[in-house]
Amino acid sequence: MFLFQGAQNELNYIAVYGNLSTFEKENGLKTLMQKILYGVISGVMFIIIPFIALIALIARLFKIDIYAFDPMKQRKPIATYVVSRWMGNSGKAQHNRTFSLFLMPSLSAFSLFVMFTFFHGIFLSMTNWDGLNTGKEIFVGLSNYMSMFRDYGFVYSLYKTIIYSVLNIFAINIVAFFLAILVTQNLKLKNLYRAGFFLPNLIGGLVLGYIWQFIFNRAITSLGGSFATSLLVNGDSALLGLIIVITWQYAGYIMMIYIAALQNVPQDLVEASKIDGANAYQRLRTVILPLVAQAFTVSMFLTLVTSFKQYDTVISLTNGGPGTLLPQWITSWFGLAARPAVGSNNLIALNIYQEAFARYQLGVGQAKAIVFFVFLLAVSLLQVYYNKRKEVEL
Amino acid sequence: MERSWLRKTFTPLFLLEILGFGLMIAFFLPIVLVIINASKDAAEIIRTPLSSPTDWTNLFKNIKEIMTRDNINYLSAFINSFIITTSSLILIGVFSAMAAWILVRTKTRYSMWIFMFFLAGMVIPFQVVMLPLVRLLETLRHLTGIPFKDTYYGVILAYIGFGTPLSVFMFHGFIKSIPIDIEEAAIIDGCSKPQVFFKIVLPILKPIFVTMLVLNGMWIWNDYLLPLLVIGIGGAVKTLPLSVASLAGFYDKEWALILTSVLMAALPVLILFLFAQKHIIKGMTSGAIK
């Protein structure tokens with residue numbers, strides 16, 4: 001599909017520019033910049049580094065004094081410098097060699113696949129990248145970012161993601177905290193309950209979505225009566241369905257964090273408040289909750305990030321649907337005549353993927369991803385900052 | 001007499017016990033539904049999705065069906081998932097332990113910077129790098145001729161990149177607490193630096209290594225988006241989530257088979273959970289808190 005689309009794009013260019021060479025001429029600057037960049041990188045890699053190594057080797061073999069500046073001490077032959085740092089049998093040289101050898105695999109994989117792609121992505125978000133990967137993308141500045149906010153689908157999915165995340169954070173944390181309090185009581189089978197509540201978390205998000213699609217669409221509807229219509233059919237209740245699924249999956253995991261925190265609450269404080277005559281609710285409010293505030297920070301951060309990044313369960317549960325009408329306020333904001341249909345569970349992670357691989361506007365999709373990242377970073381920093389202020393130190 | 005018996009039995013604790021048990025049953029219900037419905041044929045599943053199946057042998061019939069059918073091919077998907085998960089886990093574990101150890105044992109500015117560089121990677125969500133990643137893998141394929149896309153080499157490499165920051169962070173914290181005296185003694189006894197790591201340090205890392213295996217293993221085994229991008233859903237090589245998705249997308253609403261494949265995809269992890277429950281729970285939660 002990808003290749004086919006690529007061929008289509010080439011044909012489009014030919015149709016617009018007459019032939020491909022005109023197209024290349026139009027984008028001469030871009031290719032020149034790229035040539036310079038490639039030139040510099042390959043120059044460093046294949047010329048400068050081997051050159052230095054060669055000089056060092058020759059200097060070492062013939063004991064030539066090539067004076068270099070040693071920042072640590074005084075002027076010293078570069079040969080001695082290299083030998084003493086990297087090549088000798090001394091402990092320091094051995095350590096340096098191990099240092100580069102041990103760091104190389106993970107550091108290179110990490111910097112190539114995470115850091116390089118991240119910065120490359122920032123650049124690509126400002127081009128008209130269409131998935132063809134010719135290396136001839138035109139630099140278009142911030143117009144991808146502009147067009148993103150003229151896209152009502154994106155604004156709607158941002159809005160829906162925020163609603164979903166807020167509801168989800170509350171649902172998961174309340175259920176998880178309740179379960180944690182339940183299983184930290186002196187119950188006989190509490191270890192079994194803990195394992196049971198934790199179990200759904202082991203099943204992958206995609207598989208989980210299919211299970212619940214079956215439950216909502218087949219099992220529950222077969223009861224008939226007021227259950228006859230599935231939750232997933234209606235635009236508003238589909239979000240509720242998604243929240244139920246994610247809470248079922250995630251509550252047991254967050255519960256474990258709360259259990260760890262609840263077990264660290266010093267029992268003498270609880271006893272003291274009992275003697276002072278506090279009832280169960282007062283004990284919870286004034287003694288336990290402030291002491292587990294740190295767990296709340298962690299759990300809310302985790303649930304916030306997972307809610308925002310939610311992808312595979314959404315795909316398998318409703319595939320971004322069911323269709324619903326755009327809310328009135330977004331419609332009037334965009335000045336549209338009629339309310340267009342949008343996917344009601346089209347969360348932001350899904351929207352980015354569709355923009356890239358259904359509409360083949362990878363530049364716009366990448367710009368959306370950058371906005372998503374900045375937004376998520378800002379919100380989670382705010383959340384952690386706000387929650388940290390409520391923590392107490394013992 | 002009667003009332004005191006009542007009061008003795010129905011203490012608040014007993015009521016909580018009942019509540020806990022009921023909730024656990026409720027949590028298990030979806031899984032029970034999957035099991036009973038995987039043992040039905042297509043007609044029965046639509047007629048009575050809630051009752052227990054009339055013929056349990058249907059389960060084996062369904063399993064045989066997903067084993068043999070071309071577009072699911074459970075066995076090869078399982079093997080692919082297994083290869084991807086184990087090789088990524090081993091490589092992530094060894095590489096990041098190496099990096100973390102040398103970073104802790106080198107007390108210079110550079111090691112601090114490199115560590116910070118790793119930490120910065122933990123903030124980046126996958127969605128931001130996924131599109132350039134596909135492009136990078138395609139470029140690598142053109143440059144080297146190795147098929148990084150559509151096979152599992154690229155997936156494993158990408159997992160090493162994405163799994164490294166958290167693992168380095170966890171190992172870094174753990175190694176700081178190991179006294180350096182053991183290593184110095186080993187060096188005096190004639191070990192080289194790499195030998196010190198592989199013979200002395202790596203065995204000490206066992207507890208944190210298990211945590212790392214669990215944390216990354218759960219993520220990689222269940223991951224859908226990265227294999228979808230790199231391998232693609234229509235290719236010859238499929239991981240388990242991909243094959244479940246392609247079945248559910250293609251034979252829409254053939255629920256008996258979908259649920260059987262769902263069950264079979266979840267089964268390995270559930271069996272593992274039965275045996276290593278303590279490690280898994282500890283690993284997943286302690287990793288998150290750090």
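Residues numbered from 1 in each chain as written. Chains lettered and ligands numbered in written order. Predicted model: local features only at pLDDT ≥ 70, side-chain atom pairs only at ≥ 80, totals over all residues.

*Asks:* Got a sec to walk through the overall build of chain A? Specific residues and values, please.
*Replies:* Assigned secondary structure in chain A consists of 17 helices and four strands. Across the 394 residues that make up chain A, the buried fraction comes to 35%. Within chain A, contacts between residues separated by at least 24 positions form 67% of all contacts whose residues are at least 6 apart in sequence. (Helix = DSSP H or I, 4+ residues; strand = E, 2+ residues; numbered from the N terminus. Buried ≥ 20, exposed ≤ 12 C-beta atoms within 10 Å, placed from the backbone. Contact = placed C-beta atoms within 7 Å.)

*Asks:* Help me get a handle on the overall build of chain B, residues and values and all.
*Replies:* The secondary structure content of chain B amounts to 15 helices and zero strands. For chain B, the C-alpha radius of gyration of 25 Å lies well beyond 19 Å, the compact-globule estimate for 290 residues. Referenced to the eigenvectors of the C-alpha coordinate spread, the extents of chain B come out at roughly 70 × 70 × 35 Å. Counting across all 290 residues of chain B, residues that qualify as buried make up 42%. Sequence separation of 24 or more characterises 73% of the internal contacts of chain B that already satisfy a separation of 6 or more. (Rg over C-alpha atoms; globule rule 2.2 N^0.38 Å.)

*Asks:* Any chance you could break down the nonpolar core for me, citing the residues and the numbers?
*Replies:* One finds Val207, Ile254, Met255 and Tyr258 of chain A together with Ala99, Val244 and Val262 of chain B to be the most contacted residues of the largest nonpolar core, which totals 164 residues. At 16 residues, helix α10 (residues 235-263) of chain A tops the list of elements feeding residues into this core. Not counting residues up to four positions away in its chain, the partners in contact with Val207 of chain A are Pro241, Val244, Val262, Ala265 and Ala266 of chain B. (Core = buried A, V, L, I, M, F, W, Y, C linked by C-beta atoms within 7 Å.)

*Asks:* So what's going on with the domain arrangement of chain B? Residues and values would help.
*Replies:* All names here are of chain B. Entries for chain B in the domain assignment read domain 1 (2-62) and domain 2 (69-289). Relative to domain 2, the C-alpha centre of domain 1 lies at a distance of 35 Å. Residue assignment for the side of domain 1 that touches domain 2 shows that the elements contributing at least two residues are α2 (12-38) and α3 (42-47). Among the elements that line the side of domain 1 that touches domain 2, the one with the most residues is α2, at four residues. Of the residues that constitute the side of domain 1 that touches domain 2, the class distribution is five nonpolar, two polar and two charged. (Domains from an automatic or database assignment. Nonpolar A, V, L, I, M, F, W, Y, C, P; charged D, E, K, R; others polar.)

*Asks:* I'd love a proper account of helix α16 (residues 348-357) of chain A, names of residues and values included.
*Replies:* Counting buried positions along α16 of chain A yields eight of 10 residues, so the element is predominantly enclosed. Those residues of α16 of chain A that sit buried are Ile348, Ala349, Leu350, Asn351, Ile352, Tyr353, Glu355 and Ala356 of chain A. Summarising the contacts, the buried residues of α16 of chain A are in contact with α7 (152-183), α13 (293-309), α14 (312-317) and α17 (362-388) of chain A together with α7 (126-144) of chain B.

*Asks:* Give me the confidence of the model for chain A: which residues, what numbers.
*Replies:* Predicted confidence across chain A gives a mean pLDDT of 79, with 80% of residues reaching 70 or more. Confidence drops under a pLDDT of 50 for residues 67-71 of chain A, and excluding neighbours within four residues, the segment shows nine contacts in the predicted structure. (pLDDT = per-residue confidence, 0-100.)

*Asks:* Before we move on, could you go through unusual backbone geometry and cite the residues and values that matter?
*Replies:* Residue and element names in this part refer to chain A. Phi at Tyr360 is positive, roughly 55°, even though this residue is not glycine. Among the secondary structure elements, Tyr360 is positioned in the loop between α16 and α17. Judged by the 20 C-beta atoms lying within 10 Å of it, Tyr360 is buried.

*Asks:* So what's going on with the domain arrangement of chain A? Residues and values would help.
*Replies:* All names here are of chain A. Parsing chain A into structural domains produces domain 1 (2-140) and domain 2 (149-388). Each partner contributes to the interface: domain 1 provides 10 residues, whereas domain 2 provides eight residues. Examining the composition of the side of domain 1 that touches domain 2, we find that three residues originate from one element, helix α5 (residues 91-124), more than from any other. Grouping the constituent residues of the side of domain 1 that touches domain 2 by class yields three nonpolar, six polar and one charged.

*Asks:* Run through the interface of chain A and chain B, naming residues and quoting values.
*Replies:* Contacts between chain A and chain B engage 69 residues on the former and 68 residues on the latter. Top contributing element to the side of chain A that touches chain B by residue count: α5 of chain A, with 20 residues. Of the residues belonging to the side of chain A that touches chain B, the class tally is 48 nonpolar, 17 polar and four charged.

*Asks:* Tell me about the packing of helix α8 (residues 152-175) of chain B against helix α11 (residues 206-222) of chain B, and name the residues and values.
*Replies:* All names here are of chain B. Put simply, α8 and α11 touch, their axes get as near as 10 Å, and they point 155° apart. One element, α8, and the other, α11, form an angle in the roughly antiparallel class. Of the two possible hands of crossing, α8 and α11 adopt the one that is right-handed. On α11, the residues that touch Tyr159, Gly163, Ser167, Met170, Phe171 and Phe174 of α8 are Ile208, Thr211, Met212, Asn216 and Ile220. Class assignment for the residues of the contact of α8 with α11 results in seven nonpolar, four polar and no charged. (Axes fitted to C-alpha atoms, helices over the stretch in contact; angles between N-to-C directions. Parallel < 35°, antiparallel > 145°, perpendicular 65-115°, else oblique. Left-handed = near helix turned anticlockwise from the far one by under 90°.)

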